[in-house]
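Listed below, chain by chain, are the residues.
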Amino acid sequence: MSSYDFDLFVLGAGSGGVRAARIAAAHGAKVAICEESRVGGTCVIRGCVPKKLLVYASHFSEDFEDAAGFGWSVPAPSFSWPDLIAAKDREIDRLNRVYLRLLNDSGVRLFSRRGSFVDPHRISVGDEEYSAERILIATGGHPWVPDIPGIEHAITSDEAFYLKSLPERIVVVGGGYIACEFAGIFNGLGARVTQVYRGDAVLRGFDHDVRELLGDEMRKKGIEFRFMRTIECISPSPGGFLVSLDNGDVLEADQVMYATGRVPNVRHLGLKHSGVEMHPGGWVLVDEFSKTNVEHIYAVGDVTNRVNLTPVAIYEGHAFADTVFGGMERPVSHEFVPSAVFSQPPVGTVGYTEHEARHHFGEIDVYQSEFTPMKHTLSGRKEKTLMKLIVAKTTSKVVGIHILGMDAAEIVQGFAVAVKSGLTKNQFDATIGIHPTAAEELVTMRHPVNRKKTS
């Protein structure tokens, strides 16, 4: 008989924590999990899932316009923000119930409160304390905003999903995934969007051609950029808010949304009582098995600041449970993790950017195609698609794929298997394409466009 109350106690019931708890329980472990918010975590409750539902909604404005090129006569459409948010809330409620059922059916005990360390083997939940042989930290992250005058008037993505009305004018601050996605959402739904970013192009860290073309496409859709600018203060005004920039310009807005990064949820966890080593930046340090410096304490997901994506957290959680409770040895590799940005148009990517590949592999070949997608030959919309392959010359392996355009995420998800498996350009060339599709470009590009260019 174990001297502990539980074999595993999981702090945080987001995607990674829930997966780890379920798999550990399936391996026979006695598992508890705690969560002070709703089960499902950021992705399900206030992140990826509701975000993509809003992306779908915002794209209909263009779809109605495009229909005319295909012979349709569409009456002037109208849009209801409250109806959209109500529909979104119903779906999120359904998914929350699914996650609750999954935990219950797995035999995992749920505590609907915050947990914190009392010592390396004990967790305090409310007025109770429980001991566990092993503990998993899976508390995710939360939005970060700068400490400037008037920041209390700003919202983040957490609040954007629950606005009572659609703002007519909104300033979106930031240039990453979340900023670009919400800029597209609000713009597509009819708001006037100004995006303020301290950098010179959106999506820092992505391939330079994707960054440049996405910025161009977002401008064409009506989004105004203020690059190389920061906000000094936000002041209430009779018509909304005045947003003062560092160059003296003042923007008028009904809402100001910050999407300036996320930080790990480590406050109030009592980590000082656990002995767990932290990075100076605030995240939990782990090895390839998600183990901390304390032998029986592990961490997965955004709280470790490795690759902060929901599928990565799920994979890490599953691998942890299989390793610790399933008798398997499953280290996690974070190389060739595919990702997507549901901007408008969307981005899909896997592997190295051109700049990274030149640094990592030396000699490379770049295959690139930019074209008008077939749909827009009739719609008349001036939107471009970009397809780009990065090939390491010494091995002929495809080490990077970057797509900007319709269905980019769906295309990259399939091709990510090929890149992860180390397929060569010759094997891509030997694959017959499906016609007419955009994805066939990835197996029909024959001539490299080599140039020395950095991001």
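Presented here is an overview of the structure given in this document. Nothing here was measured: the structure is a model prediction, and the numbers come from that model.

Time to look at the overall build of the protein. Along the backbone of the protein there are 12 helices and 21 strands. Compactness check: the protein gives a C-alpha radius of gyration of 24 Å against a globular reference of 23 Å for 455 residues, within 12% of the reference. Each principal axis of the C-alpha distribution contributes one length, and for the protein these read about 70 × 65 × 45 Å. Buried residues in the protein amount to 50% of all 455 residues. When the accessible area of the protein is evaluated, it comes to approximately 21200 Å², of which 52% is carbon and sulfur surface. Taking the 48 positively charged and 56 negatively charged side chains of the protein as two groups, their mean positions are separated by 2 Å.

Bringing the environment of N187 into the picture now. If you trace the backbone, N187 turns up in helix α6 (residues 177–188). Its relative accessible area of 16% is what places N187 among the buried residues. In contact with N187, not counting residues within four places along its chain, are V193, K221, G222 and I223. Here K221 takes part through its backbone oxygen, which lies 3.0 Å from a polar atom of the side chain of N187.

Here we take up the packing of aromatic side chains. Counted according to the given criterion, the structure contains 16 aromatic pairs. Considering the side-chain rings of F161 and F182, the 5.4 Å spacing of their centres and the 65 degrees angle between planes classify their relative orientation as edge-to-face. Here F161 is found in the loop between α5 (157–160) and β8 (169–173), whereas its partner F182 is found in helix α6, with 21 residues between them in sequence. Taking the relative accessible area as the measure of exposure, F161 reaches 1% and is therefore buried.

What follows deals with the pairing of strand β4 (residues 115–119). By the bridge criterion, four bridges tie β4 to strand β5 (residues 122–125) in an arrangement that is antiparallel. In the strand pairing of β5, G115 is matched with V125.

If you walk across this open sheet you meet the four strands as β10-β9-β8-β14, and the pairing is parallel. This sheet does not close on itself; its edge strands, each paired only once, are β10 (224–227) and β14 (255–258). Sheet twist, expressed as the mean angle between neighbouring strand axes with direction ignored, is 20 degrees. When β8 meets β14, the two strands line up parallel, connected through four bridges. Pairing of V171 across the sheet is with V256, part of β14.

Take the sheet that holds strand β17 (residues 339–341) next. With antiparallel pairing, the five strands of this open sheet are ordered in space as β17-β18-β21-β20-β19. The sheet is open, and its two borders are formed by β17 and β19 (364–371), each paired with just one other strand. When the angles between neighbouring strand axes are averaged without regard to direction, this sheet yields 10 degrees. The pairing of β17 with strand β18 (residues 347–351) spans three bridges and is classified as antiparallel. Among the inter-strand pairings, A340 is bridged to a residue of β18, identified as G348. Taken strand by strand, helix α9 (residues 354–361) contacts β18, β19, β20 (385–392) and β21 (398–404), and its axis lies near 170 degrees from that of β19.

Counting residues in each nonpolar core, the largest one holds 38 residues, and the members touching the most others are W81, F186, V193, L203, M257 and V347. Secondary structure elements with two or more residues in this core: α3 (48–67), α4 (81–105), β8, α6, β9 (192–197), α7 (208–220) and β10. If one sorts the elements of this core by residue count, α6 sits on top with six residues. Once you skip the residues sitting within four places of it in the chain, F186 turns out to touch W81, A160, L163, L166, P167, I170, A191, V193 and M257.

The next subject is the packing of α3 against α4. Running from amino to carboxyl end, α3 crosses α4 at an angle of 145 degrees, the nearest separation of the two axes being 10 Å. By crossing handedness, the relation of α3 to α4 is classed as right-handed. Between α3 and α4, the residues in contact are V49, P50, L53, L54 and A57 and W81, L84, K88, E91, I92 and L95, respectively. Tallied by class, the residues present in the contact of α3 with α4 amount to nine nonpolar, no polar and two charged.

Procedures and definitions
- Residues numbered from 1 in each chain as written.
- Predicted model: local features only at pLDDT ≥ 70, side-chain atom pairs only at ≥ 80, totals over all residues.
- Heavy atoms only, no water.
- Helix = DSSP H or I, 4+ residues; strand = E, 2+ residues; numbered from the N terminus.
- Rg over C-alpha atoms; globule rule 2.2 N^0.38 Å.
- Buried < 20%, exposed > 50% of the residue type's maximum accessible area, 1.4 Å probe, protein only.
- Areas by Shrake-Rupley, 256 points an atom, 1.4 Å probe, with all protein chains shown as cover.
- Lys, Arg positive; Asp, Glu negative; His and termini not counted.
- Charge placed at Lys NZ, Arg CZ, Asp CG, Glu CD.
- Contact = heavy atoms within 4.5 Å.
- Polar contact = N/O pair within 3.5 Å; in protein donor to acceptor, adjacent residues only side chain to side chain.
- Phe/Tyr/Trp six-rings, centres within 6.5 Å; stacked < 30°, edge-to-face > 60°.
- Pairing = 2+ DSSP bridges.
- Axes fitted to C-alpha atoms, helices over the stretch in contact; angles between N-to-C directions.
- Core = buried A, V, L, I, M, F, W, Y, C linked by side-chain atoms within 4.5 Å.
- Left-handed = near helix turned anticlockwise from the far one by under 90°.
- Nonpolar A, V, L, I, M, F, W, Y, C, P; charged D, E, K, R; others polar.

Keep in mind that these numbers describe shape and distance, not what the molecule does.
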